[in-house]
Amino acid sequence: MGIHFSLGAQIYGCTDPQANNYDPDASINDGTCLYSNTTSGPNLSLPLPNGVSETSGLFFFDGKYWTHNDDTDAMFFAIDSISAEVVDTVFWDGLINVDWEECQINESYLVVGDIGNNLGNRTDLKFFLIPLFDFYSNNLSVVDTILFSYADQTNFSPSLNNHDFDAEAFVVTMDSIFIFSKCWSSETTKRYSLPLQAGIQTATLRETYNTNGLITGAAFFNQNQSIALTGYTAFLQPFVWLLSDFDNGLFFNGNKRRIELGMPFHQVEAIAHAHDFVFYLTNERYTGALTVEQKWHQWNAAAFFENPNGIEDAQSEFLEYPFPMPTEGPFQIKMYGPHCYWHYEIYDAQGNLKKKGFYLGCLMDFDISHYQDGMYYVHIVKRETRLVYPVMKQSKN
């Protein structure tokens, strides 16, 4: 009697059921998944106090979420995740904040990234390594420091926002720092690595990816098996890139899904993982054609991981984003589902309640023509569900 062995061939392809090119026969993800354009706004947006108008980094430590400004002083502000109020502060003597853009924590250190480089000419880029037991100390005049340079940078001539050697985002492990650059010229991100060891180091270029925007914040999630990158386009349209199912020491060889946040003119600077697929983000104050105040946002990415339909199996109702946008006043929100009865609340950018009511029907018509131009937030509420949609009111000249 003969004995035969059959070895099944490994099939490479897209393994994410949510992708347009999902291959149910694929057993190995080859990083080719393609997704439809997707917009998903925050579940909650609240104004932040004026003291953090240039909020730049965000991290969780000792039961609190902490943020800091990017070029003022060495002060940290603890933010209440429900009210967005400052509930504690820590100030360090002895450390200079040239351009602190991100802070991350591992089991031993708070790693502070003095890595902002708008002109592209800094030769003093550094990371401060703060032992966690020293976080509440006032005097940190002597700390371990990593001085570093980029392996591929040879030109240090100043060129404001016209180069590829700025950075505002990084993540840390027990022994390494991974930087995601903010590439003004190419609107890509370059991922560098360097050892988490005090001294003079060189950041080695590992991979480059076309993000079509400026990366400003990063966070591990899913037990450090996935990464969220936030940033915004040249026209201040914020987004999040979700990186998952990567391997072999690379971050961009797995699934790469971009989610638009639907918050025009919000300069989102920081992201921190809360739990499961929930994140907190902050945007700094922006003044230009209009003023957008600094805010605190809660954002849930569960829909992009938990099932192929992109919504909870039990959720049979969902809403389209407001249309048209921006609006001179009138706009609509359309809901799908068998039970179209929702309460609504409209808030201005400062968190003031402007109007509330309810709708019975699947097409909700609103008119804010009599409101001043600016950003407003429509809260759609049903039982324990609260959805928040940004609305830009902009009159014709």
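Preceding block: the structure.
Residues numbered from 1 in each chain as written. Predicted model: local features only at pLDDT ≥ 70, side-chain atom pairs only at ≥ 80, totals over all residues. Heavy atoms only, no water.

Now for the overall build of the protein. Looking only at helices and strands, the protein features 0 helices and 32 strands. Relative to its length of 397 residues, the protein is compact, with a C-alpha radius of gyration of 23 Å against a globular reference of 21 Å. Its C-alpha atoms put the protein at 80 × 65 × 40 Å along the principal axes. Counting all 397 residues of the protein, 51% fall into the buried class. Nonlocal contacts in the protein, meaning residues at least 24 apart in sequence, comprise 49% of its contacts between residues at least 6 apart. Total accessible area computed for the protein in this model is approximately 18,500 Å², and 50% of it derives from carbon and sulfur atoms. (Helix = DSSP H or I, 4+ residues; strand = E, 2+ residues; numbered from the N terminus. Rg over C-alpha atoms; globule rule 2.2 N^0.38 Å. Buried < 20%, exposed > 50% of the residue type's maximum accessible area, 1.4 Å probe, protein only. Contact = heavy atoms within 4.5 Å. Areas by Shrake-Rupley, 256 points an atom, 1.4 Å probe, with all protein chains shown as cover.)

Looking now at the nonpolar core. Among the nonpolar cores identified, the biggest contains 19 residues, and Phe76, Trp92, Leu95, Leu110, Val112, Ile130 and Phe135 are the most heavily contacted of them. Where this core is concerned, the elements lending two or more residues are β5 (55-61), β7 (75-79), β9 (100-105), β10 (109-114) and β11 (126-131). Core analysis: the next-biggest nonpolar cluster, separate from the first, contains 18 residues, Ile115, Phe127, Leu129 and Phe165 among them. (Core = buried A, V, L, I, M, F, W, Y, C linked by side-chain atoms within 4.5 Å.)

This paragraph deals with the pattern of salt bridges. Under the defined criterion, the tally for this structure stands at 8 salt bridges. Between Asp114 and Arg122 there is a salt bridge, and its shortest N-O distance comes to 3.1 Å. In this structure, Asp114 and Arg122 share a single accessibility class: buried. Across the salt bridge formed by Arg258 and Glu260, the nearest N and O atoms sit 2.7 Å from each other. Here Arg258 falls in the buried class, since its relative accessible area comes to 18%. What you see here is one network of salt bridges that share partners, running through Asp114, Arg122 and Asp124. (Salt bridge = Lys/Arg side-chain N within 4 Å of Asp/Glu carboxyl O.)

Our next topic: the pairing of strand β12 (residues 144-150). Bridge analysis of β11 against β12 gives 4 bridges, and the strand direction is antiparallel. Its bridge partner lying in β12, Phe127 is registered against Ile146. The sheet contact formed by β12 and strand β16 (residues 199-209) spans 5 bridges and is parallel. Directly across from Phe148, in β16, lies its bridge partner Gln201. (Pairing = 2+ DSSP bridges.)

Relative to the helices and strands, Asn29 is located in strand β2 (residues 28-29). Accessibility expressed as a relative area gives 14% for Asn29, which makes it buried. Only 2.9 Å separates the side chain of Asn29 from the side chain of Asn255, close enough to count as a polar contact. Those residues in contact with Asn29 that lie beyond four places of it in its chain are Gly13, Cys14, Thr15, Asp245, Gly254 and Asn255. (Polar contact = N/O pair within 3.5 Å; in protein donor to acceptor, adjacent residues only side chain to side chain.)

Under the definition given, this model contains 38 aromatic pairs. Centre to centre, the rings of Phe127 and Phe148 are 5.1 Å apart; their planes meet at 20°, and the pair counts as stacked. Linking Phe127 in strand β11 with Phe148 in strand β12, this pair joins segments that are 21 residues apart in sequence. Relative to Trp296, the ring of Tyr280 lies with its centre 4.8 Å away and its plane at 25°, an arrangement referred to as stacked. One end of the pair, Tyr280, is in strand β22 (residues 278-284); the other, Trp296, is in strand β25 (residues 295-300), with 16 residues separating them in the sequence. Considered together, Tyr280 and Trp296 belong to a single accessibility category, that of buried residues. When the ring centre of Phe251 is taken as origin, the NZ or CZ atom of Arg191, which lies over that ring, is 4.4 Å away. Over the ring of Phe239 we find Arg258; its NZ or CZ atom is 4.0 Å from the centre of that ring. (Phe/Tyr/Trp six-rings, centres within 6.5 Å; stacked < 30°, edge-to-face > 60°. Lys NZ or Arg CZ within 6 Å of the ring centre and 35° of its normal.)

Ordered in space as β9-β10-β11-β12-β16-β15-β14-β13, the 8 strands form an open sheet in which the pairing is mixed. The strands lining the two open edges of the sheet, one partner per strand, are β9 and β13 (166-172). When the angles between neighbouring strand axes are averaged without regard to direction, this sheet yields 30°. Pairing geometry for β13 and strand β14 (residues 176-182), over 6 bridges, is antiparallel. What sits directly across from Ala169, in β14, is Phe180. (Axes fitted to C-alpha atoms, helices over the stretch in contact; angles between N-to-C directions.)

Looking now at the layout of surface pockets. Where empty space is left can be seen by rolling a probe of water-molecule size over the atoms. If you add up the space inside the second largest pocket, you get close to 490 Å³. What lines the second largest pocket is a set of 23 residues, among which Gln104, Ile105, Phe220, Asn224 and His273 lie closest to the centre. Grouping the amino acids of the lining of the second largest pocket by side-chain chemistry returns 15 nonpolar, 7 polar and 1 charged. (1 Å grid on protein atoms, 1.4 Å probe; cavity = no way out; pocket = protein on both sides within 12 Å on 5 of 7 lines; lining within 4 Å. Points joined across faces, edges and corners; volume = space filled by probe spheres on them. Nonpolar A, V, L, I, M, F, W, Y, C, P; charged D, E, K, R; others polar.)

With that settled, the discussion passes to the sheet that holds strand β19 (residues 238-244). The 5 strands are arranged β3-β20-β19-β18-β17 in an open sheet whose pairing can be described as mixed. One side of each edge strand has no neighbouring strand; the edge strands of this open sheet are β3 (38-39) and β17 (214-221).

Within the fold, Glu284 resides in strand β22. No salt bridge is formed by the buried Glu284; the nearest opposite charge belongs to Lys182, separated by 7.7 Å. Looking at Glu284, its side chain comes within polar contact range of the side chain of Gln267, at 3.1 Å. The contacts of Glu284, once residues within four sequence positions are left out, are Ser53, Glu54, Thr55, Asp70, Gln267, Glu269, Val292 and Gln294. (Lys, Arg positive; Asp, Glu negative; His and termini not counted.)

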